[in-house]
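This is what each chain is made of:
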Amino acid sequence: MNRINSTFTALKTNKRTALIPFITAGDPSIESTLPTMHALAKAGADVIELGVPFSDPMADGPVIQRSSERALAKGMSLKKVLAVVAEFRKTNATTPVVLMGYANPIEAMQREHFVNAAADAGVDGVLVVDYPPEEADDFAAMLGKRDLAPIFLLAPTSTSERIAAVGRLARGYVYYVSLRGVTGAGHLDTVEVAAKVGEIKKIVPVPVGVGFGIRDGETARRVGKVADAVVIGSALVQGMFGAYEKSAGDEAKFAEQWLSAVRRSLDA
Amino acid sequence: MNLYDLPDARGHFGQYGGTFVAETLIQALDDLKAHYAKYQHDAEFRREFEYELKHFVGRPSPIYHAKRWSEQLGGAQIYLKREDLNHTGAHKVNNCIGQALLAKRLGKPRVIAETGAGQHGVATATVAARYGLECVVYMGSEDVKRQAQNVYRMKLLGATVVPVESGSKTLKDALNEALRDWVTNVDNTFYIIGTVAGPHPYPMMVRDFQSIIGEECIAQMPEMAGRQPDAVLACVGGGSNAMGIFYPYINHENVRLIGVEAAGEGLDSGKHSASLTKGVPGVLHGNRTYLLQDENGQIIETHSVSAGLDYPGVGPEHAYLKDIGRAEYVGITDDEALKAFHECCRIEGIIPALESSHAIAYATKLAATMSKDKVLLVNLSGRGDKDMHTVSMKSGLSFYCHPECELGRHAAASPNKEQIVQLLKR
């Protein structure tokens, strides 16, 4: 059974909301990604979303853009991201890992080859930002063959027909983008989020995670009341970079302390 | 060959094109698709579009026989489609009018655009002023520096120009930033994409608005040359002027279609923008097409003396026309384009845009290998006024600027710099 499914089954039994941190692989440094993943798991991450840096991250706000640029400048690549996951799996067999990124690095590797390499490395799910369901039929099938979950985005503007189309292809969980804009933007309206998540839950058979605009324990707690999972990225990435700039090597420790605090708020 | 009827309903040209965007943009694109389908053949919309092209742009643009030059080359006769005579100085305005008329009908009071050299930005700012729309233009901060005159033109026309500091700070990053704006302000904003790239329906819609170029040619060529041309040539960056002139000729099987890419410092120099000649298929900016990328799938920086061709992708329909062999794509270097630029000025009395100079350069090469009864039609997609600075720098000539500016240049090189700066401040 896919680790994502077993994780959500256990969470449901314990009536807990999943906490899903996002970090960009290779930022602030290539060496820090592996220890940071372990730190996040220790701090209570239920799933880890690992960003695969891309030169043109058109759905991301300034924080993740800069983060991707730094990671690429350090020489990060999709191949190296998979190597980090394989290394992580040597000592962690339970925490699901989801790769999040853009289509072109995957297409450059050849999609079939990527799917096999990702499965072999111990990846559990893949979210390709610019593969909406109408362009992802065959890719979702390829992932399915290796028991990898295709994760899809849903937006405030998604119609019920689209939610249903996503529901047919989605495995693992769906990722609801809680506001109009890019990652790390503005303030989110929890009432609006609750209404839309309710609608999605009626149509989509997998758990619903909410992200974009969740920046601290308090927003996580409020969103956690209506969602199955909260995804938190830009605030963590920014904090880790700040810690790294103050003292390189402290970023994993920062991530652990920061996420532990979010975990406590979420569980309160 | 069957009658050409692409893209399909999902925006695919064979394996190219499509809708490769985040879910956050899908609704806006669906909305645009529905409205475009509705107005595309709407008599009132067509009437307004044609009226504007005639009275605001000055269409139809003439076809001109470059007789002296053809005689000197001693081969095929070269004809130029004079898009340089359009209002705003290039073909870009045709598409901007079409999209702005759609924006009005969709009730969107704000338009945004990306621009590289600034031609599409100027055209968008122009139509925004004409229709009373708020206009924001995204432009890479490197391009803002290189194209100061066009930045000023946009500001004169009432647009806000936003310098983009991310990535390589050029056209592709401006496009990313415009997409981010659109996602955020989708309720009141219409995104006017300037080329035949981006997610469906843009490649199709921009092609349709630009195909007025080729349609006019089909009507004008029999009168000018007694027949249709043997080959049609156009420069290709994103590829909108080329699609505009190619499209009506696709079903004219005997007419060769030749797209000319920017070979920069040479196709093997690594410093060029020849996506079709040197790229491999991938996904960027909402469509699958040929891209200049590294082995890890990261988009690489491109080079061309002409900012309008300096783009790592290309419209998906060109990718398809290349693969099926209906169109050929070749490269012209910076030096070859500059040579053609100067010859066009001296021999024909026309100052062409550096972009268009690529197409002209290839036409002169090709003409020399053909007999005198052959006919080449070149899309002279824009005028070169915007390129004065680039050309004068490349030619090692001093470009005139106002006295303070001349002084400023001397000041920078002078040991008495501080003193001169003080003088200037007075």
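About the criteria used
Counting restarts for each chain, with residues numbered from 1 along the sequence as it is written. Key to labels: chains lettered from A, ligands numbered from 1, both in the order written. pLDDT decides what is reported in this predicted model: residues at 70 or higher carry local features, side-chain atom pairs at 80 or more are listed and counted, and totals for whole chains, interfaces and linings draw on all residues regardless. Hydrogen atoms and water are omitted, and side-chain values are computed over all heavy atoms in the structure. Elements are defined by DSSP. Helices are runs of H or I of four residues or more, strands are runs of E of two residues or more, and each kind is numbered from the N terminus. The reference for a compact globule is 2.2 Å times residues^0.38; the radius of gyration itself is calculated from the C-alpha atoms. Any pair of residues with heavy atoms lying within 4.5 Å of one another is described as a contacting pair. Just so you know, the count uses Lys and Arg for positive and Asp and Glu for negative, and it drops His and the chain ends. Taken as the charge location is NZ of Lys, CZ of Arg, CG of Asp or CD of Glu. Reported buried area values correspond to the accessible surface (1.4 Å probe) lost by two parts on association, with both partners' losses combined. Salt-bridge detection follows one rule: a side-chain nitrogen of Lys or Arg within 4 Å of a carboxyl oxygen of Asp or Glu. Burial status follows relative accessibility: with a 1.4 Å probe on protein chains alone, a residue under 20% of its type maximum counts as buried, one over 50% as exposed, and anything between as partly exposed. Between any two strands, at least two bridges found by DSSP are needed for them to pair. Helix axes use the C-alpha atoms of the stretch in contact, all axes being lines fitted to C-alpha atoms, and the angles between their N-to-C directions lie in the range 0 to 180 degrees. Pairing of N or O atoms within 3.5 Å defines a polar contact, subject to two protein rules: one partner must be a possible hydrogen donor and the other a possible acceptor, and residues neighboring in sequence count only if both atoms are side-chain atoms. The criterion for an aromatic pair is that two Phe, Tyr or Trp rings (for Trp, the six-membered ring) have centres within 6.5 Å, with stacked assigned to planes under 30 degrees apart, edge-to-face to planes over 60 apart and tilted to the rest. The score called pLDDT rates the predictor's confidence residue by residue, from a low of 0 to a high of 100. Put simply, buried Ala, Val, Leu, Ile, Met, Phe, Trp, Tyr and Cys residues joined by side-chain atoms within 4.5 Å make one nonpolar core. Crossing handedness follows the turn of the near helix against the far one: under a right angle anticlockwise gives a left-handed crossing, and clockwise gives a right-handed one. Side-chain classes follow a simple rule in which Ala, Val, Leu, Ile, Met, Phe, Trp, Tyr, Cys and Pro form the nonpolar group, Asp, Glu, Lys and Arg form the charged group, and the remainder, Gly included, forms the polar group.

## A short note on the overall build of chain A
Now for step 1: If you tally the helices and strands in chain A, you get 12 helices and 9 strands.
Now for step 2: Compactness check: chain A gives a C-alpha radius of gyration of 17 Å against a globular reference of 18 Å for 268 residues, within 12% of the reference.
Now for step 3: In terms of principal-axis extent, the alpha carbons of chain A reach across some 45 × 40 × 35 Å.
Now for step 4: Of the contacts made within chain A by residues no fewer than 6 positions apart, 73% connect residues no fewer than 24 positions apart.
Now for step 5: In chain A, 30 positive and 30 negative side-chain charges are present, and the distance between their average locations comes to 5 Å.

## So, the interface of chain B and chain A
Now for step 1: On the side of chain A, 37 residues touch chain B, which itself brings 37 residues to the contact.
Now for step 2: Overall, the association of chain B and chain A removes approximately 3,000 Å² of surface from exposure, summing both partners, and the carbon and sulfur fraction of that is 49%.
Now for step 3: For the chain B face of the interface with chain A, the top three residues by lost area are B:Glu23, B:Arg180 and B:Gln298, together amounting to 23%.
Now for step 4: Where chain B packs against chain A, one counts 3 salt bridges.
Now for step 5: Notably, a salt bridge pairs A:Arg162 with B:Glu23, separated by 2.8 Å at the nearest N-O pair.

## Digging into the pattern of salt bridges
Proximity of charged atoms lets side chains of opposite charge pair with each other.
Now for step 1: Inspection of every chain in the model, using the stated rule, returns 44 salt bridges over all chains.
Now for step 2: The residue A:Glu218 makes a salt bridge to A:Arg221 at a minimum N-O spacing of 3.0 Å. Taken as a pair, A:Glu218 and A:Arg221 lie in helix α10 (residues 217-224) at a separation of 3 residues, close to a single helical turn.
Now for step 3: With relative accessibility at 39%, the residue A:Glu218 sits in the partly exposed group.
Now for step 4: Linking B:Asp30 and B:Lys33 is a salt bridge whose minimum nitrogen-to-oxygen distance equals 3.2 Å. Highlighted residues: B:Asp30 and B:Lys33, both in helix α1 (residues 23-40), separated by 3 residues, approximately one helical turn.
Now for step 5: Taking relative accessible area as the criterion, B:Asp30 reaches 28% and is therefore assigned partly exposed.

## A look at the sheet that holds strand β7 (residues 160-164) of chain B
Residue and element names in this part refer to chain B.
Now for step 1: Reading across from one edge, β7-β6-β5-β8 is the order of the 4 strands in this open sheet, with parallel pairing throughout. Edge positions in the sheet fall to β7 and β8 (189-191), since each of these pairs with one other strand and no more. If you compare each strand with its neighbour and ignore which way they point, the axes differ by 25 degrees on average.
Now for step 2: Bridging between strand β6 (residues 134-140) and β7 involves 5 bridges; their strand directions are parallel. Opposite tyrosine 138, over in β7, you have valine 162 as the bridge partner.
Now for step 3: Across the sheet, helix α8 (residues 171-184) touches β5 (110-115), β6, β7 and β8, and the angle it forms with β5 is around 160 degrees.

## Some thoughts on the environment of B:Glu336
Residues and elements named next belong to chain B.
Now for step 1: Residue placement: glutamate 336 occurs in helix α14 (residues 334-348).
Now for step 2: The partly exposed category is assigned to glutamate 336, whose relative accessible area is 25%.
Now for step 3: Along the backbone, glutamate 336 and glutamate 265 are 71 residues apart, and their C-alpha atoms lie at a distance of 9.9 Å.
Now for step 4: Contact partners of glutamate 336, with chain neighbours within four places excluded, come to Gly331, Ala361 and Lys365.
Now for step 5: There is a polar contact of 2.9 Å between the side chain of glutamate 336 and the side chain of lysine 365.

## So, the side chain of A:Asn2
All names here are of chain A.
Now for step 1: Position of asparagine 2 relative to the elements: it lies in the segment before α1 (3-13).
Now for step 2: Of the polar contacts made by the side chain of asparagine 2, one reaches the backbone nitrogen of isoleucine 4; its length is 2.7 Å.
Now for step 3: Among residues more than four places away in sequence, those in contact with asparagine 2 are Asp124, Asp147, Leu148 and Ala149.

## Some details on the sheet that holds strand β1 (residues 18-24) of chain A
The strands that make up a sheet are held in pairs by hydrogen bonds between backbone atoms, and each pair lies either parallel or antiparallel.
Residue and element names in this part refer to chain A.
Now for step 1: Taken in spatial order, the 9 strands of this open sheet run β5-β4-β3-β2-β1-β9-β8-β7-β6, and their pairing is parallel. Among the strands making up the open sheet, the edge pair consists of β5 (149-150) and β6 (152-154).
Now for step 2: Here 4 bridges tie strand β3 (residues 97-101) to strand β4 (residues 125-128), and the two strands are oriented parallel to one another. In the sheet register, glycine 101 faces β4, and the bridge partner there is valine 128.
Now for step 3: With respect to the sheet, α1 is in contact with β1, β3, β4, β5 and β9 (229-232), its orientation differing from that of β1 by roughly 140 degrees.
Now for step 4: Along the sheet face, helix α8 (residues 160-169) touches β5, β6 and β7 (174-177) and points at about 160 degrees away from the line of β6.

## Looking at the packing of aromatic side chains
For any two aromatic rings, the description comes down to two numbers: the centre-to-centre distance and the angle of the planes.
Residue and element names in this part refer to chain B.
Now for step 1: Following the criterion strictly, the structure yields 17 aromatic pairs over all chains and no others.
Now for step 2: Residues tryptophan 182 and tyrosine 202 carry aromatic rings whose centres are separated by 6.2 Å and whose planes lie at 75 degrees to one another, so their mutual orientation is edge-to-face. Here tyrosine 202 lies in helix α9 (residues 202-210) and tryptophan 182 lies in helix α8, a separation of 20 residues in the sequence.
Now for step 3: Taking relative accessible area as the criterion, tryptophan 182 reaches 5% and is therefore assigned buried.
Now for step 4: A relative accessible area of 0% places tyrosine 202 in the buried class.

## Regarding the confidence of the model for chain B
Now for step 1: For chain B, the mean per-residue pLDDT works out to 93, and 93% of the residues sit at or above 70.
Now for step 2: Here the complex is predicted with pTM 0.95, and the ipTM for its interfaces comes to 0.96.

## Notes on the nonpolar core
Now for step 1: Grouped together as the largest cluster of nonpolar side chains are 189 residues, with contacts concentrated most on A:Leu99, A:Phe114 and A:Phe139.
Now for step 2: Discounting residues that sit within four places of it in the chain, A:Leu99 has contacts with A:Leu50, A:Val52, A:Leu78, A:Val81, A:Leu82, A:Val85, A:Phe114, A:Val123, A:Gly125, A:Val126 and A:Leu127.
Now for step 3: Judged by nonpolar contacts, the second largest core, of 30 residues, contains B:Leu80, B:Val260, B:Tyr362 and B:Ala367.

## Thoughts on the packing of α10(A) against helix α12 (residues 251-267) of chain A
Two packed helices can be described by the angle between their axes and the distance between those axes.
Residue and element names in this part refer to chain A.
Now for step 1: In contact at an axis separation of 8 Å, α10 and α12 are set at 35 degrees when each is read in the N-to-C sense. At the point where α10 passes α12, the crossing takes the right-handed sense. Between α10, through Gly217, Ala220, Arg221 and Gly224, and α12, the contact on the second element is made entirely by Val262, Ser265 and Leu266.
Now for step 2: Tallied by class, the residues present in the contact of α10 with α12 amount to 3 nonpolar, 3 polar and 1 charged.

## Considerations on the environment of B:Val283
Now for step 1: Mapping B:Val283 onto the fold places it in strand β11 (residues 280-284).
Now for step 2: By relative accessible area, which is 0% here, B:Val283 ends up buried.
Now for step 3: The spatial distance from the C-alpha of B:Val283 to the C-alpha of B:Ile299 is 9.9 Å, given a sequence separation of 16 residues.
Now for step 4: When neighbours within four sequence positions are excluded, B:Val283 is seen to be in contact with A:Phe54, A:Ala103, A:Asn104, A:Glu107, A:Asp130, B:Phe20, B:Arg288 and B:Leu291.

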